[in-house]
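Observations on the three-dimensional arrangement
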Amino acid sequence: KKKKGLSARDRKLIKKYGSLEAAEEAAKLREKEEAERVAKQPKKTADASNSNAKERKVEAKRGKKSKMKRAARKYDDQDDEDRELALMALHGGEKKGKKKGKQKNSVTSDTQKKASAEAAALLLKDPSKVVEKLPEAVQKALAACVSIKAADSTEETIRWDKFDADVLDQVVALETEPRQLAAANRLLTLKQSSRIDNFSASLAGIVRTIQRYGHEHLEIDTTGEGAKRKTKAEKEKEKEAWKEALAEEGIAGGDEDGEDAVDDTAELMKLTGKPHPDDILQYAVPVCAPYYTLSQYKYKVKLTPGNQKRGKAAKQCVDMFVKSDGDKSSSRNRERERELIKHVVDNDWVQAICANVKISAAGASKAAKKHKASHKKKASKKKK
């Protein structure tokens, strides 16, 4: 209950801390911690503090204050010499001025050269030098993966730059030669059987698999008789054989430009909107077209502008098609036709029908009323 005579602030403090005395103790503790934190920070001279205050006033922008606080906490233990070395390592040993036109051409010192060399060694590793740490058999297997033969010459060039030095270090870290050789041979098997866009990523995945499950169960083709990638000539030969097979069946034929075109008129002639009693029906296809075009079809409804959504309209159409009597001549295939209509996927109905429609056909209003009544019964049962 709220106590009479307390302010809104007091009520908040009581709700948070339980009592005003506890709130006062918490405030004193916060002030004490803040004083200790300020005392631990190194004291700066008055001139430096005045210059920093002026810089802050000049450079004060929206959102910069919290960013400067985070940077001060992060680099609190860093002195000027450490900061200079870090900047030199970041820029590759070059000391750049703040403005573009005022870059200083200072003489590089030994410290700068050492920092630039260390940065280059960390950031730019040569994969060919890392490969030299591996056994000769592993080197040959990896070289076979990235060897490229030029069109003009018969000599093969090894593209070690397709591997990252970090990934090759992971292969070196496998320690034993059988594990390293298994990783290289697995990559070679993959290259022979499929296309590899990123050799480093593939090799890194193989190394992770070996580290987790071992190298004994890897699929490696040591004989060279496994599945291989098809060459361009083999693909062209297979394409020609496929065209000949289609031509023999009468499906494919050449057009005026000499290109092959598929003749699908025979397949289209198998579709009918008026199935004969002797026809063998295989499947049903929902279509949407002008009403005059579908006037002779056995199962049809008329769509007019309305407010029904696609899914609801599709369900109503299916109910009407299934419950309609149809022609007496097709009574033998009636059950088969119903099954085929029911087996059509809902997504096919939705894609074939228009949106915002109203179904108008014989018995459409009765079907809509029955659908509403059944929906109400289901809703009432759920409530009970």
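Above: the structure in question.
Numbers given for residues are sequential positions, taken from 1 along each chain in its written order. Per-residue local features are limited, in this predicted model, to residues with pLDDT of at least 70; the limit for side-chain atom pairs, both in listing and counting, is 80 or more; totals at the level of whole chains, interfaces and linings are taken over all residues. By convention in this description, side-chain values take in all heavy atoms of the structure and omit both hydrogens and water.

What follows covers the overall build of the protein. Secondary structure counts use DSSP, requiring at least four H or I residues in a row for a helix and at least two E residues in a row for a strand, with both numbered from the N terminus. Scanning the protein from terminus to terminus reveals 17 helices and six strands. The buried label applies to any residue whose accessible area, calculated with a 1.4 Å probe on protein chains only, is under 20% of its type's maximum; exposed applies above 50%, and partly exposed to all values in between. Relative to its full complement of 384 residues, the protein shows a buried share of 19%. For this analysis, residues touch if any pair of their heavy atoms sits within 4.5 Å. A sequence separation of at least 24 residues applies to 61% of the contacts in the protein between residues at least 6 apart. If you sum the accessible surface of the protein, you get close to 31,300 Å²; carbon and sulfur atoms cover 51% of it. Per-residue accessibility takes into account occlusion by the displayed protein chains alone, with areas from the Shrake-Rupley method and a 1.4 Å probe.

Each Phe, Tyr or Trp ring, with Trp reduced to its six-membered ring, pairs with another whose centre is within 6.5 Å; inter-plane angles below 30 degrees give stacked pairs, above 60 give edge-to-face pairs, and intermediate values give tilted ones. Evaluation of the coordinates by the stated rule reveals four aromatic pairs. For the pair Trp160 and Phe163, a centre-to-centre distance of 6.4 Å together with 35° between the ring planes defines the contact as tilted. Taking the relative accessible area as the measure of exposure, Trp160 reaches 17% and is therefore buried. When the centroid spacing of 6.0 Å and the interplanar angle of 70° are considered together, the rings of Tyr299 and Phe321 count as edge-to-face. Residue Tyr299 is found in the loop between helix 13 (265-268) and strand 5 (302-308), and its partner Phe321 is found in helix 14 (residues 310-323); the two are separated by 22 residues along the sequence. Phe321 gets classed as buried once you look at its relative accessible area, which sits at 11%.

Before going further, it helps to examine the pattern of salt bridges. The salt bridge criterion pairs a side-chain nitrogen of Lys or Arg with a carboxyl oxygen of Asp or Glu, the two atoms within 4 Å. Applying the stated rule across the entire model yields seven salt bridges. Between Arg195 and Asp197 there is a salt bridge whose closest N-O contact spans 3.1 Å. Judged by its relative accessible area of 64%, Arg195 is exposed. Residue Asp197 is classed as exposed on the basis of its relative accessible area of 66%. A salt bridge links Glu337 to Arg334, with the shortest nitrogen-to-oxygen separation between them at 3.9 Å. Highlighted residues: Glu337 and Arg334, both in helix 15 (residues 334-342), separated by three residues, approximately one helical turn. Glu337 sits in the buried class, given a relative accessible area of 5%. Note on Arg334: relative accessible area 8%, which makes it buried.

A few words on helix 15. Of the residues making up helix 15, those classed as buried are Arg334, Glu337, Leu340 and Ile341. The buried residues of helix 15 occupy an angular sector of 125° when the element is viewed end-on, so they sit on one face. Where the residues of helix 15 are buried, they touch helix 14 and helix 16 (346-352). Note that the arc is defined by the directions from the helix axis to the C-beta atoms.

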